[in-house]
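# Structure assessment
Single-letter residue listing:
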Amino acid sequence: MKDKSFKLIFVTITLLLESKMFNIKKRILVIDDVKKNLQVVGEVLNGIDVEVIVSDNPQKAIQLTQKYIPDLILLDVMMPNISGIEVCKNLKDIEELKDIPVIFLTAKTDTEDIVEGFNAGAVDYITKPFIKDELISRVKIHLDLSQKRNDLLRYVKLVDKYIMTTVTNKDEKIIYASEAFLSRSGYTKDEVIGNTHRLLRNDKYDPNKYIELKETIRSLKKWSGEILNKTKTGEDYWISTQIEPVLSNHGEHLGYQAIMTDITDKKTIEYISTIDALTNIYNRGKIESVLEYEVKKIKREHNLLSLLLIDLDDFKAVNDMYGHHIGDEVLKDFAVILKNSIRQTDSYGRWGGEEFLVVLPSTDKEGALKVANKICMNTQNHKFNKVGTKTCSIGCYTLEGNDTLESCVSKADQAMYKSKQNGKNQATVY
């Protein structure tokens, strides 16, 4: 995403330089079967610092336009063999030429003729014989409008290519998806349009957050957050997104628009920096930060908080007898036992070696001891590969008002040591 952001900035600056600082000359193609008219128009336009190309052959109008790609075309209406109206229609039928503005030079001023010219795709008309100042004024106006329109289209294409955006109607069905969004999600435009964002829903993402998102935007408020999506091929990817309602000028709710940034790399780095590589649970740094946060929180809210410090009994003997690779398998299995023994609202991590820390919010001494005994029982009942039965010793501590992170861990450690002294395979409350 960083490379794309730099490229977006670079191209945007380039466009600004092209149109503002380098003062590139505008190119005007004049087509008229009368050479004298071409001479007069050419002389007038040369006075406003533009590049003028003239042609008295309307049959070659398309070839000339494709060759020179002018910024504006001045086209005579009444010409032999083919009228300016037909030439204009032919130009508008060609994709790469259709946006070039055409001004008709005409002696025909009937309303019907003027309407026919606009229907053919012209942006303006100038009556013959023309007034010099009027010609210059109209040419300048349309060159400026054309420049602004072209700049806007280029910016839109640039955003479409590099920024993930979608627009949905009130029923939350997608009516627009940028090229960047399609590229990242892996879906085609036809697969996305008319569908909803449920197409990207990832079962690994917290369903309660989807509910919060829906409630927020349906109350016509802006929602910002991180979402775990899934591509068409099943790949997980994270986005940081902002969703807000689309309202008409009269305040009528029309739908929703979202702008997204791919933060998968950022989330991967976060994951690596907080997860223990062996057991795939929180590492010491992360579980310590969780505990620190909870300690500060209970001091504000005067709530309960308990923690468990756990040590696998006689773990050194496992490594000595079976080798470190079997010891690693025991640690991995114990991490799963921990996960299955606590609540979803609890946090746990590897404190170091064969020690683990569990943080139990809104839990008193009795509750902490109950969880600790469950962990002891589940550990003892588990059959570890080659090792067979293992046990653990646990220290339980419920925080008091003056505790710090260090003091509460120290007290849990003292309680765990008591469990060791009293025969292991048990939990002790400090």
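Everything below is about the structure shown above.
Residues numbered from 1 in each chain as written. Predicted model: local features only at pLDDT ≥ 70, side-chain atom pairs only at ≥ 80, totals over all residues. Heavy atoms only, no water.

Taken together, the five strands give an open sheet; going across it, the order is 7-6-10-9-8, and neighbouring strands pair in antiparallel fashion. In this open sheet, the two edge strands, each paired with only one partner strand, are strand 7 (174–177) and strand 8 (223–230). On average, each strand axis in the sheet is tilted by 30 degrees relative to the strand beside it, whichever way the strands run. Sheet topology places strand 6 (residues 164–169) next to strand 10 (residues 253–262); six bridges connect them, and they run antiparallel. In the strand pairing of strand 10, Thr-166 is matched with Ala-258. (Pairing = 2+ DSSP bridges. Helix = DSSP H or I, 4+ residues; strand = E, 2+ residues; numbered from the N terminus. Axes fitted to C-alpha atoms, helices over the stretch in contact; angles between N-to-C directions.)

The next subject is helix 9 (residues 207–218). The α-helix winds at 3.6 residues per turn, so residues separated by three or four positions along the chain end up facing the same way. Its twelve residues place the ends of helix 9 17 Å apart at the C-alpha level, agreeing with the 16 Å of an ideal helix rising 1.5 Å per residue. Within the span of helix 9, buried status applies to Tyr-210, Leu-213, Thr-216 and Ile-217. Taken around the axis of helix 9, the buried residues stretch over an arc of 130 degrees, which confines them to a single face. The exposed set on the far side of helix 9, more than 90 degrees from its buried face, consists of Pro-207, Asn-208, Glu-215 and Arg-218. Buried residues in helix 9 make contact with strand 8, strand 9 (236–247) and strand 10. The N-cap residue of helix 9 is Asp-206: its side-chain oxygen and the backbone nitrogen of Asn-208 are 3.0 Å apart. (Expected span 1.5 Å × (residues − 1). Buried < 20%, exposed > 50% of the residue type's maximum accessible area, 1.4 Å probe, protein only. Arc of directions from axis to C-beta. Contact = heavy atoms within 4.5 Å. Polar contact = N/O pair within 3.5 Å; in protein donor to acceptor, adjacent residues only side chain to side chain.)

Another point: the packing of aromatic side chains. In this structure the tally under the stated criterion is five aromatic pairs. Between Phe-118 and Tyr-125 the ring centres are 6.2 Å apart and the planes differ by 75 degrees, which places this aromatic pair in the edge-to-face class. With a relative accessible area of 39%, Phe-118 lands in the partly exposed category. With a relative accessible area of 27%, Tyr-125 lands in the partly exposed category. Through a chain of ring-to-ring contacts, three or more aromatic side chains come together here, namely Tyr-205, Tyr-210 and Trp-238. A cation sits over an aromatic face here: Arg-201 above Tyr-210, 3.9 Å from the ring centre. A cation sits over an aromatic face here: Lys-267 above Trp-238, 4.4 Å from the ring centre. (Phe/Tyr/Trp six-rings, centres within 6.5 Å; stacked < 30°, edge-to-face > 60°. Lys NZ or Arg CZ within 6 Å of the ring centre and 35° of its normal.)

Moving on, we come to the pairing of strand 9. Two strands pair when backbone bridges link them, and strand 8 and strand 9 are joined in this way by eight bridges, in the antiparallel orientation. Its bridge partner lying in strand 9, Leu-228 is registered against Trp-238. Summarising the sheet, strand 9 and strand 10 pair through nine bridges and their orientation is antiparallel. Of the residues in strand 10, the one forming a bridge with Ile-243 is Ala-258.

Here we take up the packing of helix 2 (residues 35–46) against helix 6 (residues 132–162). Interhelical geometry of helix 2 versus helix 6 gives an angle of 65 degrees and a closest axis separation of 10 Å. In this structure, helix 2 crosses over helix 6, and the sense of that crossing is right-handed. Taken together, the residues of helix 6 that come into contact with helix 2 (itself represented by Val-41, Val-44 and Leu-45) are Lys-132, Leu-135, Ile-136 and Val-139. Per-class residue counts for the contact of helix 2 with helix 6 are six nonpolar, no polar and one charged. (Left-handed = near helix turned anticlockwise from the far one by under 90°. Nonpolar A, V, L, I, M, F, W, Y, C, P; charged D, E, K, R; others polar.)

Here we take up the layout of surface pockets. Size it by volume and the largest pocket reaches roughly 1,500 Å³. Among the elements of the structure, helix 9, strand 8, strand 9, helix 10 (264–274), helix 13 (324–341) and strand 12 (347–352) are those that each provide at least two residues to the lining of the largest pocket. With six residues, the top contributor of residues to the lining of the largest pocket is helix 10. When grouped by side-chain class, the residues that make up the lining of the largest pocket number twelve nonpolar, nine polar and twelve charged. (1 Å grid on protein atoms, 1.4 Å probe; cavity = no way out; pocket = protein on both sides within 12 Å on 5 of 7 lines; lining within 4 Å. Points joined across faces, edges and corners; volume = space filled by probe spheres on them.)

Bear in mind that shape data such as this cannot, by itself, settle questions of function.
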